[in-house]
Amino acid sequence: MPRNMLLTVCLSLLVGCASTSSPSADPWESLNRGTFAVNEALDDALLKPLAKGYQLATPAFVRVGVSNAFGNVADVGTGVNNLLQGKPSDALADIGRVVVNTTLGVLGLFDVATPMGLDKRNEDFGQTLGTWGVASGPYLVLPLLGPSTLRDGLSRIPESRSTAYSRTIDDVATRNTLTALNIISIRAQLLATTKTLDEASLDKYQFLRDAFLQWRLHQVYDGNVPQAVRDKLEEDLEVSAVAVPPSKAASPR
């Protein structure tokens, strides 16, 4: 079955189930915890050391420039998704950011758009689907990619083919290098946060799950989450917490 057809079928199923009450937000918790444990092991063995090395070896202004450049690429997708969500003024501002930062900001290395009043937004296709009424579906931990939902996981298929450098750079090695650099750059920015989380959280898996699901609701509703929707998520998370035996409540690390 072609990818686009598979995506369409899966999304149709999600729309059909949008009004169905789930027993919890995390019915696949056993599988998710296993994937989470593998991701954590890979992060400890590979990503975290690379991020620390990148942070030590690269001057701060270079790291900021790299982050800005990838953020400039992401602004293109944000603009498209804002347009698909029926927010043309935000989409115009996003494209304005890209034009200004690509020219005056030297290919996005410098963020000169923000001081000009063109604030950065973050919109993706998963948020667009949520705006269209597609249910998030069960919580899902993706291999290597981490916290997600069924809807957001499926939305990565078209997104992976629509990034600016994936469409304009033909050389596979160059594309892979840019992808790896982006991942390491993001991981380096999260080093302090994850250290605090490791020290403070008794159950890192549950903490990240709950925080992610609430954060995604905030994004989909642009910060104006209906109280009924908020209450439903809290109810589902409480069911998930009760459903986990005490022996599995500890972090897998």
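Check the entry above for the structure.
About the cut-offs
- Residues numbered from 1 in each chain as written.
- Predicted model: local features only at pLDDT ≥ 70, side-chain atom pairs only at ≥ 80, totals over all residues.
- Heavy atoms only, no water.
- Helix = DSSP H or I, 4+ residues; strand = E, 2+ residues; numbered from the N terminus.
- Buried < 20%, exposed > 50% of the residue type's maximum accessible area, 1.4 Å probe, protein only.
- Patch = residues over 30% accessible without salt bridge, like charges linked within 9 Å, V, L, I, M, F, W, Y side chains within 5 Å.
- Areas by Shrake-Rupley, 256 points an atom, 1.4 Å probe, with all protein chains shown as cover.
- Salt bridge = Lys/Arg side-chain N within 4 Å of Asp/Glu carboxyl O.
- Pairing = 2+ DSSP bridges.
- Core = buried A, V, L, I, M, F, W, Y, C linked by side-chain atoms within 4.5 Å.
- Contact = heavy atoms within 4.5 Å.

Here T194 shows up in helix α9 (residues 191–200). In this structure T194 comes out as buried when scored by relative accessible area, which is 16%.

What follows deals with a nonpolar patch on the surface. A cluster of nonpolar side chains, V38, L42, L144 and L145, forms an exposed patch at the surface whose accessible area comes to about 400 Å². Relative to the assigned elements, L145 resides in the loop between β1 (139–142) and β2 (146–149).

Moving on, we come to the pairing of β2. With 4 bridges joining them, β1 and β2 adopt antiparallel strand pairing. Counterpart to L140 in the pairing with β2 is S148.

Enumeration according to the criterion identifies 21 salt bridges in this entry. Here R33 makes a salt bridge to E29, at a shortest N to O gap of 2.9 Å. Taken together, the residues span about one helical turn, with R33 and E29 both in helix α2 (residues 29–57) at a distance of 4 residues. A relative accessible area of 10% places R33 in the buried class. Of the charged contacts in the structure, one is a salt bridge between K48 and D198, with a shortest N-O distance of 3.9 Å. Residue K48 is found in helix α2, and its partner D198 is found in helix α9; the two are separated by 150 residues along the sequence. Taking the relative accessible area as the measure of exposure, K48 reaches 15% and is therefore buried. On the basis of relative accessibility, which here comes to 30%, the residue D198 falls in the partly exposed class. Linked through salt bridges whose partners overlap, the residues forming this network are D26, E29, R33, D203, R209 and D210.

The next subject is the nonpolar core. Judged by nonpolar contacts, A25, F36, Y139, V141, Y205, F212, L213, L217, V225, L233 and L237 together constitute the single largest core of 11 residues. For this core, the secondary structure elements donating two or more residues are β1, α10 (204–220) and α11 (227–243). It is α10 that contributes the most residues to this core, 4 residues altogether. Setting aside chain neighbours within four positions, we find L237 in contact with A25, R209, D210, L213 and Q214.

Functional significance is not addressed by these values, which are geometric in nature.
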